[in-house]
Amino acid sequence: MLLTATLLALLPAVVLSGQHTPAGWACAPLTVIESSHEDCLGSATLSGGTWSVSTKKVDGGINRFCVVTLSGVGIKENQDFYVKGTFTTSENIGPYGGISFNMEDADNGNYVMMRLKNTGASNVETGRLINKFKSQSEAKTSSKANAAVASGSATLEILVNEGEESVYINGVLQTDISGYQPFYVQPGAVGFAFQNAKDWGLKVSGAEVCSYCVGANGNKYMIGESYTDGLQTCTCDAAGGMSCKCGATLTCPAGQSVWTDQETCESKCIRPPAYCISSGDPHYKSFDGKYFDFHGQCTYQAASCDDFKVFFKNIDRHNRAPRYTYRIELEFEGSVFSIAAGYQAHVDGAAVQVPYIKHYVNGDRVEIINNGQLEIRLHSKGREPSVRLRATNGGFYINAEMWLHGSCADITEGLCGNWNGNAGDEFMPTNNINSWGDSYKQYDEHCPAPPEPWDPCKDISETARAEAMELCSPMLKAPFAACNGVVDPGNEKEGIMNQCATDVCNCFIDESCACSQFDVYASSCINNGIDLANWRESVAFCPYECPEGQVYNAKGPTPVPTCLERNPTPTGTVRGCFCPNGQFLQDGVCVGANQCKCLYEGVFYNNGQTIRKDAECEECVCKDGGEMTCSPFECPALNCASDELEAQEADECCPKCLAGWVEALNPEVTVKQGQNIELTCSVKVDGVMKDDIKWYKDGEEITKGISKDKLVLKVKKSEVDDDGTYTCEATKGDVTASDDFDVTVVGPKICEHEDGTTWEEGEEYKPTETVVCTCDQTGEHECQCADDGEECEDPNPVAWFNDECVKTCVPEPGLCSAAADPFYVTFDGSEFEFKGDCKYNFFNCDEIKMYADHEKDKASSKTKSIDILFKTDTFVMDGGKVTLNGATITVPMHKTYGDGAKLSVENLGNKYVLKIVHDGKDPMIEFEWNKVSAYSVTAHGTCKGFSGGMCGSWDDNKKNDFTGPDGKVLKTAEEFGTAWAVDDEADCPEPPPPEDVCSDFGLEADKPGYVKYVEDVLGAKPFKNCDGKVDMAGRVEEIVQNICNCLGDLGCACDMFDQIAKECTAKGVNAEGWENKNKEHSCKPQCPDGSNYQTGPKPVPSCGNPDGGGKTQTACFCPEGQVLEDEKCVDVGECGCEYGGKLFEIGAKFDKPEECLSCRCKDDGEDCEEITCKTKCKDDEIEVDVEGECCPECLADWVEAVNPDAEGEQGEPLELTCKVEGVDVAAGDVTWIRNPGNEDVTNVKKQYTVSGDGLTLTIKKMDAKRTGEYKCVVTKDGKSSEGVFDVTLPPVEEDLIEAVEKKIDFTAGQAIKAECKILAPVTEITWKCNGKTMKSKGNVNIVVKKSLTRLVIDHASTDDAGTCECSAKGTGTEDSDEIEISGEESEVIFTPVNDPVECMEKTKKSCFLEWKIEDTSGNKIKDNDVAICKWNNGKTSGCKTSKLKGDKYQRKFGKKRKVAMSGQYVAVFTKDGEEIVSDPIDLLVVKNPDKGKGKDKEDKGDKKDKEDKGDKKDKGDKKDKGDKKKNKD
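First things first, this report covers the structure right here in the doc. (Residues numbered from 1 in each chain as written. Predicted model: local features only at pLDDT ≥ 70, side-chain atom pairs only at ≥ 80, totals over all residues. Heavy atoms only, no water.)

The secondary structure content of the protein chain amounts to 13 helices and 115 strands. Here the protein chain, with 1529 residues, has 47% of them falling under the buried criterion. For the protein chain, the proportion of contacts with a sequence separation of at least 24, taken over those separated by at least 6, is 55%. Surface exposure of the protein chain reaches about 71,900 Å², of which carbon and sulfur atoms provide 47%. (Helix = DSSP H or I, 4+ residues; strand = E, 2+ residues; numbered from the N terminus. Buried < 20%, exposed > 50% of the residue type's maximum accessible area, 1.4 Å probe, protein only. Contact = heavy atoms within 4.5 Å. Areas by Shrake-Rupley, 256 points an atom, 1.4 Å probe, with all protein chains shown as cover.)

The structure is reproduced here in structure tokens:
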């Protein structure tokens, strides 16, 4: 090939008038000059159609020639052609230099040569070169000298037409040299070539090249000729190319229009753009108008079309519903463009500035713009636009809107539906929203299955949805009412009204949360021609907050002026945030024109910097004020290798040489079984026929699921067998390229129940009628109680499931309260005032007792403090202080008991709430204390009929509410209260009955005003809704008396209003937060500094639970990001940890013994692991659970052998004595046993005597017959314990056994192997470790051979360390030896294979992070026990399970890797539930320096493979495709 030396400007093609140019041919001037060696071309200029060329002599003589070629543009290779040029020189160029034509390359080729200024007969020659000009050629010379050539100025014309060649010099046909047909110069070009062997100068004028057009059908056409090919008409133009236009016509029904795909020329009738939205929690409206809720918290495909996909990313903000849409993603041409909450814009994960505009060579473009809100617009295939995506910012979430082009109808797939005009089939084939929605989830092993849609209104009250509907009612009034007949607003069960009410309940009846759905409705109305842009002017509680410096405009101009386009032509208006007139949004700030910066594809440039716009073939220089001066750049000539083709990247105007001209756009695909697989292949070379594109799976050709253009492969409802390597392969001529897709199909996880039953992820298993077990995506199962369907009816209408899920119908919860001086309301509704000043039993049920401590207050009394006793704990609430067993604790606090009961104390700011959950009773009780003197208890229905105290008997009978502790019904409140006093009557006398305090204090004149005030409050909402369910009128006098007792302070009525509100709520009328609903009162709840009294989650957010609970309540709440801790609002980031009312700083360790957890406090919560109990009770021990402790204790060995190793003397008596502790025993409880034979010797008085208490046995006379094992067995209450004695006579000393090693070290997890040599014949071998006789069982194995005994303890733990003893018995002798066993915990050793790891982005060769990992215990490490994660500031993220290759645990980074993936990575090994993290290693992904350049650089291995492939083709290798695939690999 000829190498480019200089490239001059290309001139447009024109029709020239050469003397022998065939009619109708298109011509172009020869404007490109190239040379085979850079050092041989001196200069070359083109002016006025004339080339002036000077050359330099090339060293090497005749064996090295320089070839300088002039060529034209646009004439295809191997076509017929005509070339012409006039050559002029003033010097003789010698026998080897001259004017030649059609040099193929430096090795061979056809040529015509004019030896200018040469007067010899052979000054014109034609021929074919064979070997580098080394006199090896086939040539034919002219029969006589050509005068024009000899003169030094001659016009040469060559015409190759229909297989015949004609050569003309100065217009005369050279008959004797024509016909050698030099058809080829170099791929894609024809022209003249000059040879020289010395310095030389010449001129070439009128140089041109001409040819005809060749259609895709292979036929030739003259200029102006046309042909029709299917749906398009193609015409030969003056440039020698075929210009094709789509030509089909259609008549469409009303409301539709014609759209033609400019790539395929297929036309169809399309509908107007369709609208889909995800809003609020999130609620969806599909293209076909279907409203539904889907609470998945992953990334889901929302829509798709032929060349793009759209995804919605949902988040779980509070670890509970609601969920929200956070980000919209557009996937196009292998890139991901996204917009997200907080006005964030990203491309392929990297943040970009807006406006961002990405151009493609074919005219497609992607825009990310701020159009009042962030938008993405894709313009492709002539669609303006193909899709428009808009993210209306809601702070931490967005309303995600989509407008989809009509050409995508019926083919789109995703959460926005199939857009087929039928809203009734959106969820097919399952007709289940969750399973349908989950089928569009992008695979994420950490993302859970979606929960069922959740109605938050039910967690508030029975009337909550009605209240929310009232706040949403503006949608039914002006200005919205004008749209109600066009766009159905729905109702409380469906449509936007339903969605609005749900959002309001999600926000705990906050009216501002309706605004998002008002805006959604306005958008739908605007889409249908109803102008509601200014709707916010009519709804006072819906202002829109814009970023600083921007202002809200309901009708802002679109397009929005930007620094890139400062005066765009307006096409309409849009709602959103805008800069003031004359300013432009730049980097989030409004700036004047003089502050504008240069911006290209999301990146700012400084003055003087050069910006290369590859797609537009422009190079620009940045100027002041963001202006750019641009000029076109020229593409370099290409010199492609034999295994490369001239290819075109989608976003680069200049072609390049590529061997890898086939690209997998999504090379790594992971799907869940049942999801669809879609693989997209890009072929970057023109002229590849569809039949030459093949698909393979694991080397085998596949033909199903392939698109018409062969570039997309779809596998519907994937199975595990679809896992594998897929290959897209294309062939053009004799060059083949391919790329691979790694496809992983993840099968369903399997769960196993404790009963051995297994079932698949997503399915349910019911071990009993009232238990249902689910299986999640990690293979973990969870069982919950489930109703059996039988209704619970009065008087026990509530279903209660205990911890074993046994269902029982029980009464409804009961409420008992006391307020003010104090005024009691019992469970059964009795009301009385009691002014005692002692401590009284307020309530008791089961293990719970409550005491109210009264004290004198003016003319009355009040409750000073409350004692709450549960199990062994005593809580005291006294004012704003809480103590536990006498020690002050911090609130909130949480505690768990050994039987699973959970107790918590919550701080609502203006009151404490103590809650006990036990045995499925949630709650068993809930107690409120207002930090002053008012309190109430709500008790589970199982307490009904079993409670006592001031709250009455709770049996639906008010008449016996004054039942005292002795069971007698008392007559007065004073008698009743005094009877429940803790102290007796002498210390706590009966108080007098209440008196008229208003009269006593002289407030009769003011009393009517107090009465009116109380009646006004109770006559307003929400109390008036409760009238008839609670006796309001009877309360007025009591409340007024309390006001008088406070000398007219109306605030003293608040506790009793609050008491009534609780009763109303208990009766089904929601009076929660009555202070915010009632405008007549003078009560303002006192909240800690920084907090506000409002509706929020229940439980309230705390350091231990920053998101709070899933239910609702009215309380004091701190601002977002803060929680109430110990009476202060603190940032969540400053939280420590709390347990049992104690605070722990970050890093501190603490135990939760009741939960058997050992924890460490971390900045994101607590990290806990189970406490391993080491309690190992013997057969004669009793295991006892100790309240408040994790591990059980063994009841002490109550029988002990005082002298267990009793050695007697021959002929002498020997006493064996037992000691008993902790148990009283009599002689009859003791039995003495002798072994072997289990002989009871208690009453064998000839040889033995037993003491009076039975605990001493005396062997009267020792001899060998009396040796052996003796036991004293004590039996008490069915439990037995024993003391064991080994009775011996002094042994004969003999060495029988010896330890091989006296000391053995081991690592936890390894085996302990202890050996002893047997030195003489023995009759018995035993092993003891730490006093325990070892037996071959479980992980213990004992081997005894003739000369050796071995003890093996597999998988030993450090608990096995200590002393082991091997013992041997011989004939009348015995011997033993000890071995010291030392253990240490095992260690995991991480060894990186390479550190750092450096690889280049976007190259085909993968790179790997690899570790060798060794567990010193010797246990095998599985690949799924190791994850490789990004490491940042001590935290892991983006973890992926490793793959084990040989002895290396690796993570692969495929060719889609990006520079942004650089950073530190760690290997994380999970062992026994604990994560062990390696030291980090560095991954450096560097930019590809060849990206965008003229030639793609591939690694040597790839190129070698391709060369091998080429060699095989050259040799005529006829193997099938499978063999070719193997050769490629």
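This paragraph deals with the state of the cysteines. According to the stated counting rule, one finds 45 disulfides in the structure shown. Two residues, Cys 472 and Cys 500, share a disulfide whose sulfurs are 2.0 Å apart. Since a negative S-S torsion denotes a left-handed disulfide, the Cys 472-Cys 500 link at about -95 degrees is left-handed. Separated by 28 residues along the polypeptide, Cys 472 in helix α3 (residues 464–472) and Cys 500 in helix α4 (residues 495–506) bring together distant segments of the chain. The exposure class of Cys 500 is buried, given its relative accessible area of 0%. (Disulfide = S-S within 2.5 Å.)

Summed over all chains, the structure comprises 43 aromatic pairs. Ring centres of Phe 287 and Trp 419 lie 5.6 Å apart, and the angle between their planes is 40 degrees; this geometry places the pair in the tilted category. You can see Phe 287 sitting in the loop between β24 (283–285) and β25 (291–293) and its partner Trp 419 sitting in the loop between β36 (398–404) and α2 (433–438), a full 132 residues away along the chain. When its relative accessible area of 9% is taken as the criterion, Phe 287 is described as buried. Three or more aromatic residues link up through ring pairs in this structure, and these residues are Tyr 824, Phe 832, Phe 842, Phe 927, Trp 929, Tyr 935, Phe 962 and Phe 976. Lying over the aromatic face of Tyr 360, Lys 358 brings its terminal NZ or CZ to 5.9 Å of the ring centre. Lying over the aromatic face of Phe 633, Arg 612 brings its terminal NZ or CZ to 3.9 Å of the ring centre. (Phe/Tyr/Trp six-rings, centres within 6.5 Å; stacked < 30°, edge-to-face > 60°. Lys NZ or Arg CZ within 6 Å of the ring centre and 35° of its normal.)

Before going further, it helps to spend a moment on the nonpolar core. In this structure, Phe 842, Phe 843, Leu 914, Ile 925, Phe 927 and Val 937 are the most contacted members of the largest nonpolar core, which totals 48 residues. The residues touching Val 937, leaving out its near neighbours within four places in the chain, are Gly 814, Leu 815, Cys 816, Phe 827, Phe 842, Phe 843, Met 850, Ile 925, Glu 926, Phe 927 and Cys 951. One finds Tyr 284, Phe 337, Ala 341 and Leu 374 within the second-largest nonpolar core, a separate group that totals 47 residues. (Core = buried A, V, L, I, M, F, W, Y, C linked by side-chain atoms within 4.5 Å.)

A word on the sheet that holds strand β94 (residues 1256–1259). Ordered by their spatial adjacency, four strands build an open sheet running β88-β90-β94-β93, and the pairing between neighbours is antiparallel. Looking at the sheet topology across the chains shown, the edges are occupied by β88 (1199–1201) and β93 (1248–1250). Here the strands of the sheet are splayed against their neighbours by 20 degrees on average, with no regard to which way each runs. Where strand β90 (residues 1214–1220) lies against β94, four bridges are found, and the strand directions are antiparallel. Among the inter-strand pairings, Leu 1216 is bridged to a residue of β94, identified as Leu 1257. (Pairing = 2+ DSSP bridges. Axes fitted to C-alpha atoms, helices over the stretch in contact; angles between N-to-C directions.)

Next up on the list: the pattern of salt bridges. Across all of its chains, the model carries 66 salt bridges by this definition. Residues Lys 381 and Asp 306 are paired through a salt bridge, measuring 3.1 Å at the closest nitrogen-oxygen approach. Taken as a pair, Lys 381 in the loop between β34 (374–380) and β35 (383–393) and Asp 306 in the loop between β26 (299–304) and β27 (308–316) lie far apart in primary sequence, 75 residues in all. Its relative accessible area of 11% is what places Lys 381 among the buried residues. A salt bridge links Glu 663 to Lys 684; its shortest N-O distance comes to 2.8 Å. Here the residue Glu 663 occupies a position in strand β48 (residues 662–664), and Lys 684 occupies one in the loop between β50 (677–683) and β51 (693–697), the gap between them amounting to 21 residues. Overall, Glu 663 belongs to the partly exposed group, its relative accessible area being 22%. Given a relative accessible area of 11%, Lys 684 falls into the buried group. (Salt bridge = Lys/Arg side-chain N within 4 Å of Asp/Glu carboxyl O.)

This part is about a negative patch on the surface. Taken together, Asp 1205, Glu 1207, Glu 1209, Glu 1212, Glu 1269, Asp 1286 and Glu 1374 make up a surface patch of like negative charges. Note on placement: Glu 1269 falls in strand β95 (residues 1268–1276). For Glu 1269, a relative accessible area of 31% puts it in the partly exposed group. (Patch = residues over 30% accessible without salt bridge, like charges linked within 9 Å, V, L, I, M, F, W, Y side chains within 5 Å. Lys, Arg positive; Asp, Glu negative; His and termini not counted. Charge placed at Lys NZ, Arg CZ, Asp CG, Glu CD.)

Within the open sheet, the five strands sit side by side as β89-β96-β95-β91-β92. Their pairing is mixed. Of all strands in the sheet, those with a lone pairing partner are β89 (1205–1207) and β92 (1239–1240), marking the two edges. Inspection of the sheet shows β89 paired to strand β96 (residues 1279–1288) by three bridges, in the parallel sense. Paired with Glu 1207 across the strands is Thr 1288, a residue of β96.

In terms of burial, β35 is largely enclosed, as nine of its eleven residues are buried. Sheet analysis places β34 next to β35, joined by six bridges and oriented antiparallel. Directly across from Glu 375, in β35, lies its bridge partner Arg 390. Connecting β34 to the next strand, β35, in antiparallel fashion are two residues, including Lys 381 with a positive phi near 55 degrees. The sheet contact formed by β35 and β36 spans seven bridges and is antiparallel. Looking across to β36, one finds that Leu 389 is bridged to Met 402. Count of turn residues in the β35/β36 antiparallel hairpin: four residues, of which Gly 395 carries a positive phi of about 95 degrees.

Since the α-helix turns once every 3.6 residues, residues separated by three or four places project in the same direction. Over its 13 residues, helix α10 (residues 1054–1066) runs 18 Å from end to end, which matches the ideal 18 Å to within 8%, given 1.5 Å per residue. Downstream of α10 by one or two residues, Gly 1068 has phi in the positive range, about 100 degrees. (Expected span 1.5 Å × (residues − 1).)

Turning to the packing of α3 against α4, a few remarks are in order. Remark: α3 packs on α4, axes separated minimally by 8 Å, with the N-to-C direction vectors making an angle of 115 degrees. What the angle tells us is that α3 and α4 run roughly perpendicular. Handedness of the crossing formed by α3 with α4: right-handed. Here α3 contributes Ala 464, Arg 465, Ala 468, Met 469, Leu 471 and Cys 472 to the contact with α4, which in turn contributes Met 497, Asn 498, Cys 500, Ala 501, Thr 502, Val 504 and Cys 505. Residue composition of the contact of α3 with α4, by class: ten nonpolar, two polar and one charged. (Parallel < 35°, antiparallel > 145°, perpendicular 65-115°, else oblique. Left-handed = near helix turned anticlockwise from the far one by under 90°. Nonpolar A, V, L, I, M, F, W, Y, C, P; charged D, E, K, R; others polar.)

What follows concerns unusual backbone geometry. Glu 384 connects to Pro 385 through a cis peptide bond whose omega is -5 degrees. Structurally, Pro 385 is set in strand β35. With an omega of 0 degrees, the peptide bond running from Lys 1098 to Pro 1099 counts as cis. Its location among the elements puts Pro 1099 in the loop between β77 (1092–1098) and β78 (1111–1117). Of note in the backbone geometry, Trp 954 takes a positive phi value of approximately 50 degrees without being a glycine. Assignment of secondary structure puts Trp 954 in the loop between β76 (935–939) and α6 (973–979). Taking relative accessible area as the criterion, Trp 954 reaches 3% and is therefore assigned buried. Phi is positive for His 1355, close to 50 degrees, though the residue is something other than glycine. Following the sequence through the fold, His 1355 ends up in the loop between β103 (1348–1353) and β104 (1362–1369).

Purely geometric stuff here, so don't read any function into it on its own.
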